[in-house]
Amino acid sequence: TAAIPSSEQPGARELKSALKRLAYNRRNVDALLDAGNAALLLGDADAALNFFRRAENVRPSDGRIKAGLGAALVRQENPFGALEYFDAATRLGVSPRVIALDRGLAFDLLGNFDRAQQDYSLAATGLRSDTLTIRHAISLSLSGKAKESDDMLTPLLPKNSPAAWRARAFMLAARGDFKDSREVTRGFLNVRAAQRVEPFLKRMPDLTPAQQAAAIHLGHLPARNIGRDNPRIGIAASRIPATGSLPGAVRVGGSDRLTPAGRPLGSGEASATSAA
């Protein structure tokens, strides 16, 4: 069972409420779903997977549960299993728009950026969130659409969003622009934290596109096989058909402010770990 975190964190109140209901009935599917979704908000994919699997044992034909399992697996860097669950969710009646944000991430982790962007555009027809904007911008950057990516991300930067600035730094590094990526990192992290992140920035150009996606989206850099994908990625990507253009692509304007200003964010080890 997941520990009840600080009520200040997004998802904390929902998790606390769900756990209280589960204390009365451990097989309460709605409470298990709420707990799983709250755990995802809190960044605890392991706990989310546990809640969703418990719910699946009670109600195996619920599309919402399949969608939750897919969302948890993709955060564990398992796009293969995630896509299977997303397919199951849609077969059980879940709207593709509902799963598009997380399914797009699964396609990014396979290096299939065009397909990922179709899902992000689909998600944007019913959702506006910083997470969606950042994921879409990352995918555009990794597919070589630097200007579109920068135009999309720029409006978030004046908000001093750590996630947006972190994405900006790693996107630049993936393009081979270490100097600017280091400048960005030193703008939103303190000096010691920025220095810890710089070795990761330097490695970005050596990664495959799929590895770069995992590094930027999830903060996972491979310990070995740098520049070599799991063969399953190539096989899976080759079997995924394009679905054509989808409506609702996010298009935003913005300024040219692409270097952070103001007081650096974060301190010590936690900031460095988050950025990496």
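To keep things clear, this report deals only with the structure shown in the data block. (Residues numbered from 1 in each chain as written. Predicted model: local features only at pLDDT ≥ 70, side-chain atom pairs only at ≥ 80, totals over all residues. Heavy atoms only, no water.)

**Some remarks on the layout of surface pockets**
- The space that makes up the second largest pocket amounts to roughly 350 Å³.
- Around the second largest pocket, the lining comprises 17 residues; the ones closest to its centre are Asn-37, Ala-67, Val-98, Ile-99 and Asp-102.
- Broken down by secondary-structure element, the contributors of at least two residues to the lining of the second largest pocket are α2 (29-41), α4 (63-75) and α6 (96-109).
- Here the residues of the lining of the second largest pocket sort into 11 nonpolar, 2 polar and 4 charged. (1 Å grid on protein atoms, 1.4 Å probe; cavity = no way out; pocket = protein on both sides within 12 Å on 5 of 7 lines; lining within 4 Å. Points joined across faces, edges and corners; volume = space filled by probe spheres on them. Helix = DSSP H or I, 4+ residues; strand = E, 2+ residues; numbered from the N terminus. Nonpolar A, V, L, I, M, F, W, Y, C, P; charged D, E, K, R; others polar.)

**Considering α4**
- Given a rise of 1.5 Å per residue, 13 residues ought to cover 18 Å, and the 19 Å separating the end C-alpha atoms of α4 matches this to within 8%.
- Most of α4 is tucked away, with 11 of its 13 residues classed as buried.
- Among the residues of α4, Gly-63, Ile-65, Lys-66, Ala-67, Gly-68, Leu-69, Gly-70, Ala-71, Ala-72, Leu-73 and Val-74 are the ones counted as buried.
- Buried residues belonging to α4 abut α2, α3 (45-58), α5 (79-91), α6 and α13 (209-218). (Expected span 1.5 Å × (residues − 1). Buried < 20%, exposed > 50% of the residue type's maximum accessible area, 1.4 Å probe, protein only. Contact = heavy atoms within 4.5 Å.)

**Remarks on the pattern of salt bridges**
- Within the structure shown, the criterion is met by 15 salt bridges.
- The partner of Arg-103 in a salt bridge is Asp-119, and the shortest N-O contact between them spans 2.8 Å. A residue pair is termed long-range when its members are at least 10 positions apart, and Arg-103 in helix α6 and Asp-119 in helix α7 (residues 113-124) qualify at 16 residues.
- Overall, the relative accessible area of 0% leaves Asp-119 in the buried class.
- Arg-168 is the partner of Asp-150 in a salt bridge, and the nearest nitrogen-oxygen pair spans 2.7 Å. (Salt bridge = Lys/Arg side-chain N within 4 Å of Asp/Glu carboxyl O.)

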